[in-house]
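# Topology and contacts: notes
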Amino acid sequence: MSIKKYIEQIKKIDEKTQIIDDTVEFWANQIEDELKKCEETEADPDHPDFAKKMLSHRKNILLLLSKLNSEEENLNQAEMEIEKINEKFKKFFNS
């Protein structure tokens, strides 16, 4: 593996992780917003739609957490790709 190819592959994965980081931040902000809405709903337990709203918040939070988890898995995969590329690079220069 040439140094040029190594750098290109690392840059490609870096760009990918930047996108994933932005997406993780987006989903984390969405979760935070939903938790704030949940707190607002909790402040008025006598509201006629209280139970329905709380259920909706829980469902939304679970959905957002699954999306966040998926992005974290993507980040783990990118880290594994970097490890593989580094191993190939090390083998190339140690041989």
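Each value, and the rule that gives it
Residues numbered from 1 in each chain as written. Predicted model: local features only at pLDDT ≥ 70, side-chain atom pairs only at ≥ 80, totals over all residues. Heavy atoms only, no water. Salt bridge = Lys/Arg side-chain N within 4 Å of Asp/Glu carboxyl O. Helix = DSSP H or I, 4+ residues; strand = E, 2+ residues; numbered from the N terminus. Buried < 20%, exposed > 50% of the residue type's maximum accessible area, 1.4 Å probe, protein only. Contact = heavy atoms within 4.5 Å. Patch = residues over 30% accessible without salt bridge, like charges linked within 9 Å, V, L, I, M, F, W, Y side chains within 5 Å. Areas by Shrake-Rupley, 256 points an atom, 1.4 Å probe, with all protein chains shown as cover. Lys, Arg positive; Asp, Glu negative; His and termini not counted. Charge placed at Lys NZ, Arg CZ, Asp CG, Glu CD.

Bringing the pattern of salt bridges into the picture now. Taken as a whole and judged by the stated rule, the model has 3 salt bridges. Salt-bridge contacts for Lys16 lead to Glu81; the nearest nitrogen and oxygen are separated by 3.0 Å. Linking Lys16 in helix H1 (residues 3-42) with Glu81 in helix H2 (residues 50-94), this pair joins segments that are 65 residues apart in sequence. A residue is classified by how much of its surface remains accessible, and Lys16, at 34% relative accessible area, is partly exposed. What makes Glu81 partly exposed here is its relative accessible area of 30%. The residue Glu87 makes a salt bridge to Lys90 at a minimum N-O spacing of 4.0 Å. Here Glu87 and its partner Lys90 are both found in helix H2, 3 residues apart, which amounts to about one turn of the helix. Residue classification places Glu87 among the partly exposed residues on the basis of a relative accessible area of 42%. Take Lys90: its relative accessible area is 47%, and that puts it in the partly exposed class.

Moving on, we get to the environment of Glu71. On the secondary structure map, Glu71 appears in helix H2. Separated by 44 residues in the primary sequence, Glu71 and Trp27 have C-alpha atoms spaced 9.0 Å apart. Beyond its immediate chain neighbours, meaning those up to four positions away, Glu71 contacts Ile20, Thr23, Val24 and Trp27.

This next bit is on a negative patch on the surface. A cluster of acidic residues, Asp14, Glu15, Asp21, Asp22 and Glu25, forms a negative patch at the surface. You can see Glu25 is positioned in helix H1. Take Glu25: its relative accessible area is 48%, and that puts it in the partly exposed class.

For the rest of this paragraph, the subject is the side chain of Thr41. Within the element layout of this structure, Thr41 appears in helix H1. Thr41 gets classed as buried once you look at its relative accessible area, which sits at 12%. Residues contacting Thr41, with those up to four places away along its chain left out, are Phe50, Lys53, Met54 and His57.

Time to look at a nonpolar patch on the surface. On the surface, Ile3, Ile7, Phe92 and Phe93 cluster together into a nonpolar patch covering about 380 Å² of accessible area. Looking at the nonpolar patch, the elements that each hand over two or more residues are H1 and H2. As for its position among the elements, Phe93 is in helix H2.

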